[in-house]
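Next come the chains, spelled out residue by residue.
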Protein chains: 2
Amino acid sequence: MIEDVNRVLLPEPTLRRLPWYLAYVNMLHGQNIEYVSSTQIAKEINVDASQIAKDLSFLNIKGKTRIGYQVEHLATELSNFLGFHEVHKAFMIGVGSLGAALIQDSGLMQYGLRIVAGFDVDERIIGTEICGVPIYDVAQLDMRQKEYGADIGVLAVPVEHAQASADKLQRSGVKAIWNFTPFRIKVADDVVIQNTSIYAHLAVMYNRINCKK
Amino acid sequence: MIEDVNRVLLPEPTLRRLPWYLAYVNMLHGQNIEYVSSTQIAKEINVDASQIAKDLSFLNIKGKTRIGYQVEHLATELSNFLGFHEVHKAFMIGVGSLGAALIQDSGLMQYGLRIVAGFDVDERIIGTEICGVPIYDVAQLDMRQKEYGADIGVLAVPVEHAQASADKLQRSGVKAIWNFTPFRIKVADDVVIQNTSIYAHLAVMYNRINCKK
């Protein structure tokens, strides 16, 4: 049962590698390739074959000796396992440059995240729509939550409003906050927090560039 | 000298924490607060005070006993140290949903990344502009590189074109590739690779949500 497997708390490194395998087997599927071995995945993705076998052992999927995994089946199982086939409703809090960009990114929908509404304090954008997604006054958050029942709050507000916005989101009943701000927000134990500060990655990249000069 | 310090290969965890401190002290600066101690930063950010002192020791900055760090000075030093005050010219390869979104995100410019041109294969967008950034045919990459001299290639193409696009970028002479695809591209030793697969973060978040159900 997929449901049972999904309840297992997986190590974060595994959860980060599984989408790499998925991207690769999706590509193979597009090339009409039928079978792939963990050795082949390992070669292409630069991850140890034994690590791949271990990661995939969390799924209910078996490769055939000497033939490997059936590509289409592996892609479906990985996608299901990772929750990409389900629809997770989300609110976007902060519809500035990054927030608006995320609403427009259709890629998120392919990975199971549907942003159903955006919230902001800027009167110039409240009442408008971006790609069909309505933008509301953030004061309406609780009211709109009753209407939409969003599980996830995506946070892209200015740093000084990050904690207050996170608090509002928690009170509205979201189960998780996807934090795109570089601020370390605090949440209650029963709320999942996922930090994705793309700007912090720039710092790593700049340092590596300077060191190679 | 800042230049010397910047050539030191810093541990990635440190490089990822420094922007958190920067975000926090920028907020304090906006509130006209003059001094902050590492203990106070620790409390707000959930990082050990000793760890913070260690991280900040990479910078040429000293706190005063019992008073702590001067907020404005710390913010400037952190931003300089992280390279956010320099301008790094970048090409966006793949101007689909995510690529277009990143071109529109003015936040990147605040962190020192200026996307100077976009490249795509889609004739409907070649020759257009997004927020003043021209979109060229990807076949013009080498030619445009002579014109712009971009150091960084930002990759947001479909998975099946990720490696070929990365190869093209390398041949054009970029020093680093910021890879937003979930594909594990291979690059030469002298090219910096930074993987930022925001969709992989969704997999981690979904798993954590399911485990708390």
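The coordinates are above.
About the criteria used
Residues numbered from 1 in each chain as written. Chains lettered and ligands numbered in written order. Predicted model: local features only at pLDDT ≥ 70, side-chain atom pairs only at ≥ 80, totals over all residues. Heavy atoms only, no water. Helix = DSSP H or I, 4+ residues; strand = E, 2+ residues; numbered from the N terminus. Buried < 20%, exposed > 50% of the residue type's maximum accessible area, 1.4 Å probe, protein only. Contact = heavy atoms within 4.5 Å. Areas by Shrake-Rupley, 256 points an atom, 1.4 Å probe, with all protein chains shown as cover. Lys, Arg positive; Asp, Glu negative; His and termini not counted. Charge placed at Lys NZ, Arg CZ, Asp CG, Glu CD. Least-squares fit on C-alpha atoms with pLDDT ≥ 70 in both. Axes fitted to C-alpha atoms, helices over the stretch in contact; angles between N-to-C directions. Left-handed = near helix turned anticlockwise from the far one by under 90°. Nonpolar A, V, L, I, M, F, W, Y, C, P; charged D, E, K, R; others polar. Phe/Tyr/Trp six-rings, centres within 6.5 Å; stacked < 30°, edge-to-face > 60°. Buried area = accessible area lost by both parts, 1.4 Å probe. Salt bridge = Lys/Arg side-chain N within 4 Å of Asp/Glu carboxyl O. Polar contact = N/O pair within 3.5 Å; in protein donor to acceptor, adjacent residues only side chain to side chain. Pairing = 2+ DSSP bridges.

Q: Explain the overall build of chain A to me, please; I cannot follow it from the model alone.
A: The helix and strand inventory of chain A stands at 10 helices and 9 strands. C-alpha extents for chain A along the principal axes are approximately 60 × 50 × 35 Å. Each of the 213 residues in chain A was classed as buried or not, and the buried ones make up 55%. Contacts spanning at least 24 positions in sequence make up 56% of the contacts within chain A whose residues lie at least 6 apart. For chain A, the exposed surface amounts to about 9800 Å²; the carbon and sulfur share of it is 49%. Side-chain charges in chain A split into 21 positive and 23 negative, and the spacing between the mean points of these groups amounts to 7 Å.

Q: How do you make sense of the relation of the copies chain A and chain B when you look at a structure like this?
A: The pair of chain copies shares a relation made of a rotation about an axis and a shift along it. Placing chain A over chain B gives an RMSD of 0.0 Å and needs a rotation angle of 180°, together with 0.0 Å of translation along the axis. Accordingly, the operation relating the two chain copies is best matched by a two-fold axis. Judged by C-alpha distance, Ala101(A) is the residue of chain A that lies nearest the rotation axis, at 2.2 Å. Here 100% of the contact residues of chain A are again contact residues in chain B; the copies associate through an equivalent surface.

Q: In this structure, what is going on with the packing of helix α2 (residues 12–30) of chain B against helix α5 (residues 71–81) of chain B? I would like to understand it.
A: In a pair of packed helices, the angle between the axes and the distance between the axes together describe the arrangement. All names here are of chain B. Contact geometry of α2 with α5 gives a least axis separation of 9 Å together with a crossing angle of 145°. Helix-helix and strand crossings are classified by hand; for α2 and α5 the assignment is left-handed. Between α2 and α5, the residues in contact are Leu18, Tyr21, Leu22, Val25, Asn26, Leu28 and His29 and Val71, Glu72, Leu74, Ala75, Leu78, Ser79 and Phe81, respectively. Residue classes in the contact of α2 with α5 are distributed as 10 nonpolar, 3 polar and 1 charged.

Q: Mind showing me how you'd approach the packing of aromatic side chains here?
A: The description of two aromatic rings rests on the distance between their centres and on the angle between their planes. Tallied over the entire structure, the rule returns 18 aromatic pairs over all chains. Relative to Tyr148(A), the ring of Phe91(A) has its centre 5.8 Å away and its plane inclined at 85°; by these criteria the two rings are edge-to-face. Here Phe91(A) is found in strand β3 (residues 88–93), whereas its partner Tyr148(A) is found in helix α8 (residues 141–148), with 57 residues between them in sequence. A relative accessible area of 18% means that Tyr148(A) is categorised as buried. Judged by centre distance (6.3 Å) and plane angle (75°), the rings of Tyr206(A) and Phe84(B) are edge-to-face. One end of the pair, Tyr206(A), is in helix α10 (residues 198–212); the other, Phe84(B), is in the loop between α5 and β3 (88–93), on a second chain. For the pair formed by Tyr206(A) and Phe84(B), the shared burial category is buried. Of the aromatic side chains, those joined through ring pairs into one cluster are Phe84(A), Tyr111(A), Tyr199(B) and Tyr206(B).

Q: Before we go on, may I ask you to explain the interface of chain A and chain B in this structure?
A: Accessible area lost when the parts come together is the quantity often used to give the size of an interface. If you look at the interface, chain A gives 69 residues, while chain B gives 69 residues. Of the roughly 6600 Å² buried at the junction of chain A and chain B (both faces included), carbon and sulfur atoms supply 66%. Along the contact surface separating chain A from chain B lie 0 salt bridges. Connecting chain A to chain B are 26 residue pairs in polar contact (both at pLDDT 80 or more). Broken down by secondary-structure element, the contributors of at least two residues to the side of chain A that touches chain B are α2 (12–30), α3 (38–45), α6 (97–104), α7 (107–110), β8 (176–179), β9 (192–195) and α10 of chain A. Top contributing element to the side of chain A that touches chain B by residue count: α10(A), with 15 residues. Tallied by class, the residues present in the side of chain A that touches chain B amount to 39 nonpolar, 15 polar and 15 charged.

Q: What is the right way to look at the sheet that holds strand β7 (residues 152–155) of chain B in this model?
A: Residue and element names in this part refer to chain B. Across the sheet, which stays open at both edges, the 7 strands sit in the order β5-β6-β4-β3-β7-β8-β9 with mixed pairing between neighbours. A strand with exactly one partner marks an edge of an open sheet, and here the two such strands are β5 (129–130) and β9 (192–195). Pairing geometry for β5 and strand β6 (residues 133–137), over 2 bridges, is antiparallel. Among the inter-strand pairings, Ile130 is bridged to a residue of β6, identified as Val133. Helix α9 (residues 162–172) rests against β3, β7 and β8 (176–179) of the sheet, and its axis sits at about 170° to β7.

Q: Explain the pairing of β3(B) to me, please; I cannot follow it from the model alone.
A: Two faces make up the sheet, and in a regular strand the side chains alternate between them. All names here are of chain B. By the criterion of burial, β3 is predominantly enclosed, with 5 of the 6 residues buried. Relative to strand β4 (residues 113–120), β3 runs parallel, the two being bridged by 6 bridges. By the bridge assignment for β4, Ile93 is matched with Phe119. The sheet contact formed by β3 and β7 spans 4 bridges and is parallel. When the sheet's bridge partners are listed, Phe91 is paired in β7 with Gly153.

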